[in-house]
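One letter stands for each residue in the lines below.
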Amino acid sequence: MTGTPPTAGTPTPRRTVSIAAPVGEGAIDSFVRQKGRGVILALYTALRSIKLYPLENSAVQKALADLAALAQEFVASEHELDVRVSGEFIFVNATRLRLDLDNYASFSHVLSVFRVCGIGTMHVADVVTARDWQVFLTIVQVPTSLEPHDRLTEVLAKLDAAGVRTLALTPPSDDDGEDRERAKERAKKTYTQSVTVTKDLMTSVRMGKSPNIKKIKRVVQGIVDQILNEETSLIGLTTIRDYDEYTFTHSVNVCIFSVALGKRLGLTKLQLYDLGMAALFHDIGKSRVPVDVLNKTGSLTEIEWRQIAAHPWLGVLALFQIRGTQEYPYRSMVVAIEHHMKADLTGYPKPIRPRQMSMYSKIVAAADGFDAATSRRAYQTVPINPAEVMREMRDNPRRGMDPIVVKAFINLTGIYPPGTLVVLDTFELGIVHAVNPLPEMLARPLTRVISDPMGNLVHPGEIVDLADRNPDGTYLRTIIKTENPERYGIRVSDYFV
Amino acid sequence: MTLPTATPPAGDTGQQELPFPPGPIEALLQLFVKAVRAHQLYMPNNPVYKGAIDAMRAGFAPIWQHAEEFALRFTETEIRWHGRPVLVEASKSSDSLPWTFFKDGVREVTFAKGFEETELVKLLEILQRLRKAAPDEDDLLTMLWEADYAFLRYRYVDLGVEAAPPAQDGGAPPEKPAAEQVQASVRAQIEDPRADVVNMQDFDATLYFLDEKELDYLRREIDREYQSDLRGNVIAILFDIYEHQTAPEVREEISELLETLMLLLLSANHFSNVAYILSESQVVVRRAADITPEQRGRVGMLPERLSAPQPLSQLLQGLDESADLPSQNELTELVQRLQPASLGTIFSWLPKLQNQRVRALVQQAADRLATGNTGELVRLISAPDRGVAMEAMRRSAGLKTQAGVVPIARVLAGGDVELRQAAVAALSEIGSGGALQALERAIEDPDRDVRVAAVRALGSRSHHGVLGRLDATVKGKALRAADLTEKMAFFEAFGALCGEAGLPYLDGLLNGKSMFGRREDPELRACAAIALGKVGGRKAQESLQRASGQKDVVVRNAVNRALRTGGPNS
């Protein structure tokens, strides 16, 4: 039972088959996941030590020995070791390994090495000695200007010449490309359904009715699944700026950013769900603010400002309408009241009883601040450049954001967040597509080139990695500055939808 | 193990080549149906239940010999494996396994090796919850998602969410400049850099690496998030809003929310949260600006309302019936916030509580409340409810509340036997001069047990005020008709109090003979011996020695005992 994509003029079919969140979490960490993580970390350690020290150094020898032992243990238990990279994920024996705080830099490095060498899968069915690992890891770290496909051919030839036959390397499968397209379509569906359900939610609250909590739960579960599967597409959709539906798209965007950030911080699936619910509800208090005040374009009177500033506590009261048969959404209430309080509690509303701002409030505050500043609203007809917003969040303590959360947020979006229009030193224009998976390349995102050096705008344009280098080691492209898309008649979201 | 990266095969109609015979799959599904039924009907410790679970677990073994995982597809009435029906249940009811999965959108479930060890029971619990769920409660998809399985995957059709229009930016598309204009603008930007140009050499990406301290901070913050008391936090928020906002409709809404919340928290035994509501309600009444009498009445009266007999009875009843009990501290915290008037209700409930642990919890909590409210405690001694009166007397005694003596004495004078017995015990425990004085009359009580208890208490506390009455009783005819225990109690007390003044009488009883040469009744003589033992001293000893060779066993034993123990303090 597969879904059919919507075509112009035809009603969108009601049902499509989706794939559930991939098996991965569960209360018990499986052997494969635990040991798989160990193997990848050992790979990373060996890669780094080979890069930093001579081969005969004891640190290198120990790292190689550890890697060989771990891999051997794995193969002895599971009969094979199959490491596959796909998008931003690493799969070990078809089990996806999650990135979390403890390992994301290491995993990202291994991912990038595999990607540069055109390795889609590394298969081990036999004993791989420390010497074999040493040869392999040395070869893959030699600088190259070859394309990944050619690079893999070169790596295989070198391994064969060195007599290493225990590692089977294959390129990425074509399925990966199809997977990405499917993921993109799913992201779009998730996004639009989320906005629709959020609109229903806030309309119900405004009318004093009880909203459909089941739909809301399913929407947040869908966002969590999407972020866990493939976050790039969904984050890209946050560039959709619908002026009229701002409140609803904003709530969804904050939910997406918050869940993505939470994933980066290592929250479990259920914790991400809690965070997502709180983020989706953070501005629900605006349902109790008169619409004409919310949408006023001119400056607000004292009374009107107080009405808007009341939305955090109004949100708490509104959330008491949402219960169903389970407990009240207490966590969401805390985030609703705290998200404008600032980390030092000097924001609004001022607490009377002792309080320490919750972590989820800090996350939502960062996501909220970013999305609000980069959106066009009734009183902010020109949105602020995302990179400038990021800089402001980072550099201005008066914003009241937790600096470590902001740091993590920048890790998520990059210095130039998705949707930023950039001018490249090649006289091209680009739209930042996604953060670079290499942690040290936060300022060199994956970028969609949307104009040629002659100024012709193109759609959709090619996605390039700004970390790519020329044979002489210099970067192929570098961001010179960020720009306002409207100056060039560009609607950023057209490149994400 | 393989990942479900491809969409499932279209349609279920065609049968595919089977990787192994369907027998084990069919057998497993029969066991699944039985396990679901067992989970509905039996408790986990029931042998039938355990047998059903074990059988289902064993049912997976033959399948794992052929494959690491297997997928089942669901239609309205069938479960299919590789296109072949392996379970058919025609009725579309909550008892039908295919329908249960199908109706909520699940179309395929894949079980992986290991599922039966750790996740089987979780699935059965979900199916059971689903049977009892109301239409607006969570459906199977939501529950499966929350269960977060490691060895089970599923595909579904999202029936609950409507199709939405395609995502697109709002507003009219912007006007695009000509290529030459774009080129010129880009060149101008490059050649004439402005303030917002980033200097790449200055930028250090390592600024954004989270170091170990920062990682620790984030982990601790996440732990704190989940250790925090969310309900308490929300209660504090509500009271903050109440204090900030003076609009009557806002305060009314919050008052209503607090009342509803209180009921919910009581039902769930979150007593420390309820205690917090009660204490903060008093704070807010003092502190909130512009609070009207009606508002004060509503929010300020929360402790009083919970202390009223009916709501408090509900609380105690709920506690008695609950499987999940609060800690002592939590319950004590709540009870201390109640009004003193709640003591009466608590006392009346104590004897009715079935759960021993609950009774212990409530008793201890009540002790704390009583300690702080002795006035109310004393008042309850005169309560018309005899259970309450008994409890109040008992606790007054425990607290040695002097103010309780007078009302207890009244009970002694007018209550029923059980009450009078309790009064004697209480006065005895209080032990003050006034209490013992009030106890004196009790040695003449119509009830034997009351008399005995009273005289023992007075004797053990050496209350000389009762000597006159004792003397009269000991020498009177009524005691001679009493049983040995009563006689003994009186003589012991007499002995403890009379000193050498009582020697002639006691010696006369023990060793004397009547005009006709007959001795006194052996029981009386034994009592006299014991009393002489209490008197102590040389003369008492001599009197006892004279009787030591007595033939009568009762007398002889008493004499020997008295000689051994001897002394007024024995």
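Criteria and cut-off values
Residues numbered from 1 in each chain as written. Chains lettered and ligands numbered in written order. Predicted model: local features only at pLDDT ≥ 70, side-chain atom pairs only at ≥ 80, totals over all residues. Heavy atoms only, no water. Helix = DSSP H or I, 4+ residues; strand = E, 2+ residues; numbered from the N terminus. Buried < 20%, exposed > 50% of the residue type's maximum accessible area, 1.4 Å probe, protein only. Contact = heavy atoms within 4.5 Å. Areas by Shrake-Rupley, 256 points an atom, 1.4 Å probe, with all protein chains shown as cover. Phe/Tyr/Trp six-rings, centres within 6.5 Å; stacked < 30°, edge-to-face > 60°. Lys NZ or Arg CZ within 6 Å of the ring centre and 35° of its normal. Domains from an automatic or database assignment. Core = buried A, V, L, I, M, F, W, Y, C linked by side-chain atoms within 4.5 Å. Pairing = 2+ DSSP bridges. Axes fitted to C-alpha atoms, helices over the stretch in contact; angles between N-to-C directions. Salt bridge = Lys/Arg side-chain N within 4 Å of Asp/Glu carboxyl O. Expected span 1.5 Å × (residues − 1). Left-handed = near helix turned anticlockwise from the far one by under 90°. Nonpolar A, V, L, I, M, F, W, Y, C, P; charged D, E, K, R; others polar. pLDDT = per-residue confidence, 0-100. Disulfide = S-S within 2.5 Å.

Right, let's talk about the overall build of chain A for a bit. Assigned secondary structure in chain A consists of 17 helices and eleven strands. Evaluated residue by residue, chain A yields a buried proportion of 59% over its 497 residues. Taking the intrachain contacts of chain A between residues at least 6 apart in sequence as the baseline, contacts between residues at least 24 apart amount to 67%. Roughly 19,200 Å² of accessible area belongs to chain A as shown, and the carbon and sulfur atoms make up 55% of that amount.

Here we take up the packing of aromatic side chains. Taken as a whole and assessed by the stated rule, the structure comprises 21 aromatic pairs over all chains. Taken together, a centroid distance of 5.7 Å and an interplanar angle of 20 degrees make the contact between Phe60 of chain B and Trp64 of chain B stacked. Of this pair, Phe60 of chain B and Trp64 of chain B both sit in helix α2 (residues 47-64), four residues apart, which is roughly one turn of the helix. By relative accessible area, Phe60 of chain B is classed as buried at 1%. Its relative accessible area of 10% is what places Trp64 of chain B among the buried residues. Ring-pair connections join several aromatic residues into one group, and the members of that group are Phe60, Trp64, Phe70, Phe111, Phe115 and Tyr149 of chain B. The ring of Tyr226 of chain B carries the charged tip of Arg331 of chain A above its face, separated from the ring centre by 4.2 Å.

Residue and element names in this part refer to chain B. Within the fold, Leu334 resides in helix α15 (residues 328-337). For Leu334, a relative accessible area of 1% translates into the label buried. The residues touching Leu334, leaving out its near neighbours within four places in the chain, are Leu266, Phe271, Val274, Ala275, Leu278, Leu306 and Leu315.

Time to look at the domain arrangement of chain B. Each assigned domain of chain B is listed here: domain 1 (23-169), domain 2 (235-307) and domain 3 (462-570). Measuring from the centre of the C-alpha atoms in domain 1 of chain B to the corresponding centre in domain 3 of chain B gives 85 Å.

Ranked by size, the top nonpolar core spans 260 residues in total, and within it Phe70, Leu72, Phe111 and Leu439 of chain B carry the most contacts. For Leu439 of chain B, the residues in contact, after removing those within four places along its chain, are Leu412, Val424, Leu427, Ser428, Ala454, Ala457 and Leu458 of chain B. Formed by 44 residues, the second largest nonpolar core is a distinct cluster that contains Val85, Val113, Phe136 and Leu169 of chain A.

All right, on to the sheet that holds strand β3 (residues 89-92) of chain A then. Residue and element names in this part refer to chain A. The sheet built from five strands is open, its strands ordered β4-β3-β2-β5-β6 with antiparallel pairing. In the strand order of this sheet, the two ends are held by β4 (95-97) and β6 (167-170), each with one partner. Within the sheet, the average angular offset between the axes of one strand and its neighbour, ignoring direction, is 20 degrees. Pairing of strand β2 (residues 81-86) with β3, which is carried by four bridges, proceeds in the antiparallel orientation. Residue pairing across strands places Val83 opposite Val92, the latter belonging to β3.

Turning our attention to the pairing of strand β9 (residues 446-451) of chain A. Looking along a regular strand, one sees the side chains alternate between the two faces of the sheet. All names here are of chain A. Buried residues dominate β9, accounting for five of its six residues. Pairing of strand β8 (residues 429-434) with β9 involves four bridges; the strand directions are antiparallel. Residue pairing for β9: Val432 is matched across the bridge by Thr447. Sheet analysis places β9 next to strand β10 (residues 457-465), joined by five bridges and oriented antiparallel. Each residue of the ladder has a partner; that of Thr447, found in β10, is Val464. Hairpin connection, β9 to β10: the antiparallel pair is bridged by five residues, and Gly455 has positive phi, about 95 degrees.

A word on the pattern of salt bridges. When the charged atoms of two side chains lie near each other, side chains of opposite charge can form a pair. All chains considered together, the criterion is met by 60 salt bridges over all chains. For Arg353 of chain A, the salt bridge is made with Glu280 of chain B, and the minimal N-O distance between the two is 2.6 Å. Linking Arg353 of chain A in the loop between α14 (330-338) and α15 (359-373) with Glu280 of chain B in helix α11 (residues 271-287), this pair reaches from one chain into another. For Arg353 of chain A, a relative accessible area of 6% gives the class buried. Judged by its relative accessible area of 12%, Glu280 of chain B is buried.

Further remarks concern the pairing of strand β3 (residues 84-88) of chain B. Residues and elements named next belong to chain B. Bridging between strand β2 (residues 78-81) and β3 involves four bridges; their strand directions are antiparallel. Within β3, the position partnered with Glu78 by the bridge is Val88. In this structure, the hairpin formed by β2 and β3 is closed by a connection of two residues, where His82 is found at a positive phi of approximately 50 degrees.

Further remarks concern helix α27 (residues 522-535) of chain B. Think of an α-helix as 3.6 residues a turn; residues three or four steps apart then line up on the same face. All names here are of chain B. Given a rise of 1.5 Å per residue, 14 residues ought to cover 20 Å, and the 20 Å separating the end C-alpha atoms of α27 matches this to within 8%. In terms of burial, α27 is a largely internal element, twelve of the 14 residues being buried. The set of residues buried in α27 consists of Leu524, Arg525, Ala526, Cys527, Ala528, Ala529, Ile530, Ala531, Leu532, Gly533, Lys534 and Val535. Packed against the buried residues of α27 are α25 (484-498), α26 (503-511), α28 (538-546) and α29 (553-565). Just past α27, the residue Gly536 takes up positive phi, approximately 70 degrees.

Residues and elements named next belong to chain B. Contact geometry of helix α1 (residues 23-41) with helix α5 (residues 120-132) gives a least axis separation of 10 Å together with a crossing angle of 65 degrees. In this structure, the crossing between α1 and α5 has a hand that is right-handed. From α1, Phe32, Ala35, Val36, His39 and Gln40 reach across to α5, where they touch Leu123, Leu124, Glu125, Leu127, Gln128 and Arg131. Of the residues belonging to the contact of α1 with α5, the class tally is six nonpolar, three polar and two charged.

Residues and elements named next belong to chain B. Per-chain confidence: chain B averages 87 in pLDDT, with 91% of residues scoring 70 or above. With pLDDT under 50 throughout, residues 1-12 is counted as low confidence; its partners more than four residues away or in other chains account for 32 contacts. At the level of chain-chain contacts, confidence expressed as ipTM amounts to 0.79, with global pTM at 0.79.

Further remarks concern unusual backbone geometry. The peptide bond linking Tyr348 of chain A to Pro349 of chain A adopts the cis configuration, its omega dihedral lying at -15 degrees. A positive phi angle, close to 70 degrees, is found at His79 of chain A, a residue other than glycine. Along the polypeptide, His79 of chain A turns up in the loop between α2 (58-78) and β2. Take His79 of chain A: its relative accessible area is 65%, and that puts it in the exposed class. In this model, His82 of chain B sits at a positive phi of 50 degrees, which is unusual for a non-glycine residue. Along the chain, the position of His82 of chain B falls in the loop between β2 and β3.

Attention now moves to the state of the cysteines. Within this structure, the stated rule accounts for zero disulfides over all chains. Cys527 of chain B takes part in no disulfide bond, and the closest cysteine sulfur, belonging to Cys498 of chain B, lies 13 Å away.

Residues and elements named next belong to chain A. Between its terminal C-alpha atoms helix α10 (residues 269-280) stretches 16 Å, which fits the 16 Å expected from twelve residues at 1.5 Å a residue. In terms of burial, α10 is largely enclosed, as ten of its twelve residues are buried. Buried residues of α10: Lys269, Gln271, Leu272, Tyr273, Leu275, Gly276, Met277, Ala278, Ala279 and Leu280, and no others.

Attention now goes to the sheet that holds β9 of chain A. Two strands in a sheet stick together by hydrogen bonds in their backbones, pointing the same way (parallel) or opposite ways (antiparallel). Strand order across the open sheet formed by five strands is β10-β9-β8-β7-β11 (chain A), with antiparallel pairing between neighbours. Each edge of the sheet is formed by a strand with only one pairing partner; in this case those strands are β10 and β11 (479-483) of chain A. Shown here is a sheet whose adjacent strand axes are inclined to one another by a mean of 35 degrees, direction ignored. Those strands touched by helix α7 (residues 179-191) of chain B are β7 (421-424), β8 and β11 of chain A, and its axis lies near 75 degrees from that of β7 of chain A.

Bringing the environment of Ala389 of chain B into the picture now. Within the secondary structure, Ala389 of chain B is located in helix α19 (residues 386-399). Through-space distance from the C-alpha of Ala389 of chain B to that of Ala134 of chain B is 47 Å; in sequence the pair is 255 residues apart.

What follows concerns the confidence of the model for chain A. For any part of a model where pLDDT is low, the fine detail of the predicted coordinates should not be relied upon. Considering every residue of chain A, the mean pLDDT works out to 85; 89% of them sit at 70 or more. Between the elements of chain A, mean pLDDT differs from a low of 38, seen in strand β1 (residues 17-19) of chain A, to a high of 97, seen in α14 of chain A.

This paragraph deals with the environment of Ser112 of chain A. Residue and element names in this part refer to chain A. As for its position among the elements, Ser112 is in helix α3 (residues 104-116). Under the relative-accessibility criterion, Ser112 is labelled buried at 8%. Linking Ser112 and Asn436, residues 324 residues apart in sequence, is a C-alpha distance of 9.8 Å.

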